[in-house]
Amino acid sequence: MPKPVKKASSTLREERNEIRDILKPYVAHGIEFSSVDGDEAVANCPWCDKRKFYVNTESGKWKCFICGKGGNIILFLRALADTFEGMGDYEALATSRSIEPDILKKWGIFWSPLIDKWLVPGYTTKGKQISQLYRYMTINNKLKLLPTPTLDHQLFGLHLYDEEKEVVYLNEGPWDGAKWYEALSSHNDTEGYISKTENITQAIISRVNVLATPGANVFFERWLPLFKGKTVILMFDNDHPIKNPKTGTTQEGAGICGVKRIATMMLSSSYKPKAIMYMNWGVAGYDPALKSGTDIRDVLLGNVK
Amino acid sequence: MTNGIKYILDRICEVPPEFIKINNVQGGTDRVECKKCQSYKETIKAWRKALRWTDGLDVALSVMLSSIVSVKSVGDQLWVKIMGPASCGKSSLAEAISISKYVVAKSSFTGFHSGYRETNDEDEDNSLLSKLRDTTLVTKDGDTILQQPNLNQILSEARDIYDRVSRVTFKNKAGRDHHGLNLTWILCGTASLRYLDSSELGARFLDCVVMEGIDDEMEDEVLWMHANKTERNMRLISDGTMVSQYSPEELHAMQLTGGYVDFLRENAGELFDSVLMSEKYLKMCTRLGKFVAFMRARPSKMQQECAEREFAARLVGQLVRLTKCLTVVLNKHEVDDEVMARVKKVAFDTARGTSLNILREIYNNDKQEVSTQAILIGIGGEEKKVRALLRFMRDVGILSFYSVKSRGVVQKPKYRITDKLVTLYEQVTSGELVNGHTS
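Residues numbered from 1 in each chain as written. Chains lettered and ligands numbered in written order. Predicted model: local features only at pLDDT ≥ 70, side-chain atom pairs only at ≥ 80, totals over all residues. Heavy atoms only, no water.

Looking only at helices and strands, chain A features 8 helices and 17 strands. Expressed as a percentage of its 305 residues, the buried residues of chain A come to 50%. When contacts within chain A are restricted to residue pairs at least 6 apart in sequence, long-range pairs at least 24 apart make up 56% of them. Summing over all exposed atoms, chain A offers an accessible surface of approximately 14900 Å²; the carbon and sulfur share of this is 50%. (Helix = DSSP H or I, 4+ residues; strand = E, 2+ residues; numbered from the N terminus. Buried < 20%, exposed > 50% of the residue type's maximum accessible area, 1.4 Å probe, protein only. Contact = heavy atoms within 4.5 Å. Areas by Shrake-Rupley, 256 points an atom, 1.4 Å probe, with all protein chains shown as cover.)

Counting secondary structure elements, chain B contains 17 helices and 15 strands. Partitioning the intrachain contacts of chain B with sequence separation of at least 6 by distance along the chain shows that 76% fall at a separation of at least 24. As displayed, chain B offers around 22100 Å² of accessible surface, 50% of which is attributable to carbon and sulfur atoms.

Residues and elements named next belong to chain B. Taken as a whole and assessed by the stated rule, the structure comprises 15 salt bridges over all chains. Lys-332 is paired through a salt bridge with Glu-338; the nearest N and O atoms lie 2.9 Å apart. Taking the shortest distance from any N to any O, the salt bridge between Glu-338 and Arg-342 comes out at 3.4 Å. With Glu-338 and Arg-342 both in helix 13 (residues 337–351) and 4 residues apart, the pair spans about one turn of that helix. With relative accessibility at 7%, the residue Arg-342 sits in the buried group. Several salt bridges share partner residues, and in doing so they unite Asp-58, Lys-332, Asp-336, Glu-338 and Arg-342 into one network. (Salt bridge = Lys/Arg side-chain N within 4 Å of Asp/Glu carboxyl O.)

Turning our attention to the interface of chain A and chain B. Between chain A and chain B, the contact holds 44 residues from the first and 28 residues from the second. A combined buried area of about 3100 Å² lies between chain A and chain B, and 65% of that area is made up of carbon and sulfur atoms. Ranking the residues of chain A by area buried against chain B places Lys-126, Ile-194 and Tyr-278 of chain A at the top, with a combined share of 16%. Seen at the junction of chain A and chain B, the total is 0 salt bridges. Applying the counting criterion to the chain A and chain B interface returns 5 residue pairs in polar contact (both at pLDDT 80 or more). Secondary structure elements with two or more residues in the side of chain A that touches chain B: helix 3 (73–84), helix 6 (174–185), strand 11 (187–190), strand 12 (193–196), strand 14 (231–235), helix 7 (254–268), strand 17 (275–279) and helix 8 (296–300) of chain A. Looking at the side of chain A that touches chain B, the element that brings in the most residues is helix 7 of chain A, giving 7 residues. Split by residue class, the side of chain A that touches chain B holds 22 nonpolar, 11 polar and 11 charged. Strand direction decides the pairing type here: strand 17 of chain A and strand 1 (residues 12–14) of chain B, joined by 3 bridges, are antiparallel. Residue pairing for strand 1 of chain B: Met-279 of chain A is matched across the bridge by Ile-12 of chain B. (Buried area = accessible area lost by both parts, 1.4 Å probe. Polar contact = N/O pair within 3.5 Å; in protein donor to acceptor, adjacent residues only side chain to side chain. Nonpolar A, V, L, I, M, F, W, Y, C, P; charged D, E, K, R; others polar. Pairing = 2+ DSSP bridges.)

Once that is clear, we can look at the confidence of the model for chain B. Residue and element names in this part refer to chain B. Summarising the model, chain B shows a mean pLDDT of 79, and 75% of its residues fall at 70 or more. When mean pLDDT is taken per element in chain B, helix 3 (residues 55–69) scores highest with 94 and strand 15 (residues 437–438) scores lowest with 40. Under a pLDDT of 50 for its full length, residues 433–439 has, in the predicted model, 17 contacts with residues more than four places off or in other chains. Interface predicted TM-score (ipTM) for the complex: 0.85; the corresponding pTM is 0.55. (pLDDT = per-residue confidence, 0-100.)

All names here are of chain A. With antiparallel pairing, the 5 strands of this open sheet are ordered in space as 1-2-3-4-5. Lying at the two open borders of the sheet, with one neighbouring strand each, are strand 1 (33–37) and strand 5 (70–71). Two elements, strand 1 and strand 2 (residues 40–43), share 4 bridges in a ladder whose sense is antiparallel. Counted as the bridge partner of Phe-33 is Ala-43 from strand 2. Contacting strand 3 (53–56), strand 4 (62–64) and strand 5, helix 3 crosses the sheet at an angle of about 50° to strand 4. (Axes fitted to C-alpha atoms, helices over the stretch in contact; angles between N-to-C directions.)

Turning to the packing of aromatic side chains, a few remarks are in order. Within the structure shown, the criterion is met by 29 aromatic pairs over all chains. On the basis of an interplanar angle of 50° and a centroid distance of 6.4 Å, the ring pair of Tyr-40 of chain B and Tyr-260 of chain B is categorised as tilted. Of the two residues, Tyr-40 of chain B sits in helix 2 (residues 40–50) while Tyr-260 of chain B sits in helix 9 (residues 248–266), which places them 220 residues apart along the sequence. Within the aromatic cluster, the residues linked to one another by ring pairs are Tyr-26, Phe-33, Trp-47, Phe-53, Trp-62 and Phe-76 of chain A. Directly above the ring of Tyr-7 of chain B sits Arg-11 of chain B, whose terminal nitrogen or CZ lies 3.6 Å from the centroid. (Phe/Tyr/Trp six-rings, centres within 6.5 Å; stacked < 30°, edge-to-face > 60°. Lys NZ or Arg CZ within 6 Å of the ring centre and 35° of its normal.)

Glancing now at helix 9 of chain B. Because the α-helix completes a turn every 3.6 residues, residues three or four places apart line up on one side. When the terminal C-alpha atoms of helix 9 of chain B are compared, their 27 Å separation across 19 residues agrees well with the 27 Å that a helix rising 1.5 Å per residue should span. Taking burial as the measure, the 19 residues of helix 9 of chain B include 15 buried ones, the bulk of the element. (Expected span 1.5 Å × (residues − 1).)

All names here are of chain A. A cluster of acidic side chains, namely Asp-89, Glu-91, Glu-100 and Asp-102, defines a negative patch on the protein surface. Here Asp-89 shows up in the loop between helix 3 and helix 4 (90–97). For Asp-89, a relative accessible area of 48% translates into the label partly exposed. (Patch = residues over 30% accessible without salt bridge, like charges linked within 9 Å, V, L, I, M, F, W, Y side chains within 5 Å. Lys, Arg positive; Asp, Glu negative; His and termini not counted. Charge placed at Lys NZ, Arg CZ, Asp CG, Glu CD.)

Once that is clear, we can look at the packing of helix 14 (residues 354–363) of chain B against helix 16 (residues 383–395) of chain B. Residues and elements named next belong to chain B. Remark: helix 14 packs on helix 16, axes separated minimally by 11 Å, with the N-to-C direction vectors making an angle of 75°. Relative to helix 16, the element helix 14 lies roughly perpendicular. Residues Thr-354, Ser-355 and Ile-358 of helix 14 lie in contact with helix 16, whose contacting residues are Leu-389, Leu-390 and Met-393. Among the residues forming the contact of helix 14 with helix 16, the class breakdown is 4 nonpolar, 2 polar and no charged. (Parallel < 35°, antiparallel > 145°, perpendicular 65-115°, else oblique.)

All names here are of chain A. Within strand 7 (residues 117–123), 6 of the 7 residues are buried, leaving the element largely enclosed by the surrounding structure. The hairpin turn running from strand 6 (residues 110–112) into strand 7, its antiparallel successor, is 4 residues long, and Asp-116 in that turn takes a positive phi close to 55°. Where strand 7 and strand 8 (residues 130–139) come together, 6 bridges link them in antiparallel fashion. The partner of Tyr-123 across the bridge, within strand 8, is Ile-130.

What follows deals with the nonpolar core. Formed by 97 residues in total, the largest nonpolar core has its most connected members in Trp-47, Leu-65, Ile-82, Ile-97 and Phe-291 of chain B. Beyond its immediate stretch of four places on either side in the chain, Ile-82 of chain B contacts Ala-60, Val-63, Met-64, Lys-90, Ile-186, Leu-187, Cys-188, Gly-189, Cys-208 and Val-210 of chain B. One finds Leu-224, Met-235, Ile-262 and Trp-281 of chain A within the second-largest nonpolar core, a separate group that totals 93 residues. (Core = buried A, V, L, I, M, F, W, Y, C linked by side-chain atoms within 4.5 Å.)

Residues and elements named next belong to chain B. Where helix 11 (residues 279–295) contacts helix 12 (residues 313–329), the two axes come as close as 8 Å, and the packing angle between them is 135°. As far as their axial angle goes, helix 12 and helix 11 are oblique. Regarding helix 11 and helix 12, the two cross each other, and that crossing is right-handed. Across the interface between the two elements, Leu-282, Cys-285, Thr-286, Leu-288, Gly-289, Val-292 and Ala-293 of helix 11 pack against Leu-315, Val-316, Leu-319, Val-320 and Thr-323 of helix 12. (Left-handed = near helix turned anticlockwise from the far one by under 90°.)

All right, on to the sheet that holds strand 13 (residues 414–417) of chain B then. All names here are of chain B. Pairing within the open sheet is antiparallel, and its 3 strands lie in the order 9-13-10. Since the sheet does not close on itself, it has two edges, and those belong to strand 9 (370–371) and strand 10 (399–402), each with one partner. Across 4 bridges, strand 10 lies against strand 13 in antiparallel orientation. Bridging across to strand 13, Phe-401 finds its partner in Tyr-415. Along the sheet, helix 14 makes contact with strand 9, strand 10 and strand 13, crossing strand 13 at roughly 95°.

Residue and element names in this part refer to chain B. Locating Ile-44 in the fold gives a position in helix 2. Spatially, the C-alpha atoms of Ile-44 and Thr-257 are 8.7 Å apart, while their sequence positions differ by 213 residues. Sequence-distant contacts of Ile-44, defined by excluding residues within four places in its chain, comprise Trp-53, Asp-58 and Leu-61.

Structure (structure tokens):
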């Protein structure tokens, strides 16, 4: 009986001229696979830099046979976060985003030298651990947050969530969330009078949670239990209505659509919040006097007159 | 920034009602809303208007509610089988309790651990078991489980779960351990369900029979009611939602039942604290437990030499638990005869079977000796199996067997009940429950 022919090694792109889905999350974080040998893709290990980093193309699991690290893609992301935590020029990012460096660190944001990009972690509701890393990068001349491919969207700021607190602010995007968090950490609200404070235990943040979704149209049922019995305040952007170019009909802005959708989901579920409130920019859910896309950060930075 | 915060806080207001659009979704996701209810009597009153309400249904509902309220308390779990002929109303009760968020309804499943996603350390667990923690699983048509090809696997997983611990290892060496599982199971179906828990590893379920056979007169009454209801409902159009599938009376009864389930689960700790149980009723539970242990013992299918029955500790624990839970469900603060009557009914339903029929056959013969032939005539059944059971009942101490010489001739051997079983039977049947009421 003839021996089976060993499958020749090949580069990723030679084989099918595309990156396999199962390897995409690794490639997105800077892993360069030099070959695919049978059912294993091989690359240099981001930790020990030896070419013994293997990813099984069936299961998606990785292992380095030199440093011994291994696991699935989620563990890979967590290992990156553990290794590169606190790395990066936070002053530069703080200037760019107008958010204090300490707050950026508190929200888990870190620099990845593998791809020279800032990474923003998203957390799963179970155990509040990192299950997604968003890459802050330029796409079509615009800076955007791109999720790690093939993985679910997650909430930002969830690792700071305290179940004892009755109020939850839900912002649109981590930058808004972090800026709102910064504002509430440095101010107190005494009988409606807002004042600055250096004492975090007296600041508004000691009584409220601040979370952020990846976008106004991104919200999942698996997040609903977080809001059960809470006062939820939706803080989405001032998006103007847009005209559908194909049909000519006018559609509501994404921000107000998001508010309606999430409020409906929450009230239809068995995890009903105590109350749902929202940032009401104006009649019909937006203020035409403010630019479309004006957000909480713009208001806090004084860009809104 | 201070001005910015003020600007924002000044604009925060409640989401107006017109923002909320609750769609009626077909299939799977629309739910009937529960109505607030804190009284068992109020629930029953609503059911009397919705169905031809019988004492059997009353006991069955109270037992189902007891299973639900017992989920988080310490001790042997209350798993119950609700049995009755088709169309006797047990599915209606199962649907009603399922509308509560504390109850998960599953018509069929391939295993408690299926749905698990392959990881070693990822905290996502898609198994059915992870969704059932601290809830009650209700299967309204348990007969479908009997058709599962991996029935034995499901039952052995269930037996583990009953003990509040479940461990599984998959062929990819991934595994998952579950500890401290609080989960009760209500299984509804026909008498075929008796086969389900008759393993040699010990039974976990208590049984409750809704209806023993079909009463002709009652059936005629129900058929007339049902014919009229169907004729009326044919004039209405269903829009595919759960709500429009039921008559207003049924819907109201279901909503109150769901609300009552929520009330019981949310206040279980407080309600149990105030329940008093006297020694008299505690002793009755021990007698009932022991009696049921004798009655549901069966000859081993695998070992010819071994004849033993279960030790009654678990049964006693279950019956005491059931007693206290029923007291809470019936809005009482103390165990009384009405509660005990229901517990006895459940105990006798659990004990139901050929052994009990034999015992009654001999007992009703003035407790005198009865021959094997007479027993066979009295209870029917396959001769070989009955003879094997009689021998087994002798071996475990329910019956004794001897032959008498009369005028020098050895008579045919006869059976009689042992003294200890006579005493036990008389203790448990004093004030025997008949159709839900003490006779």
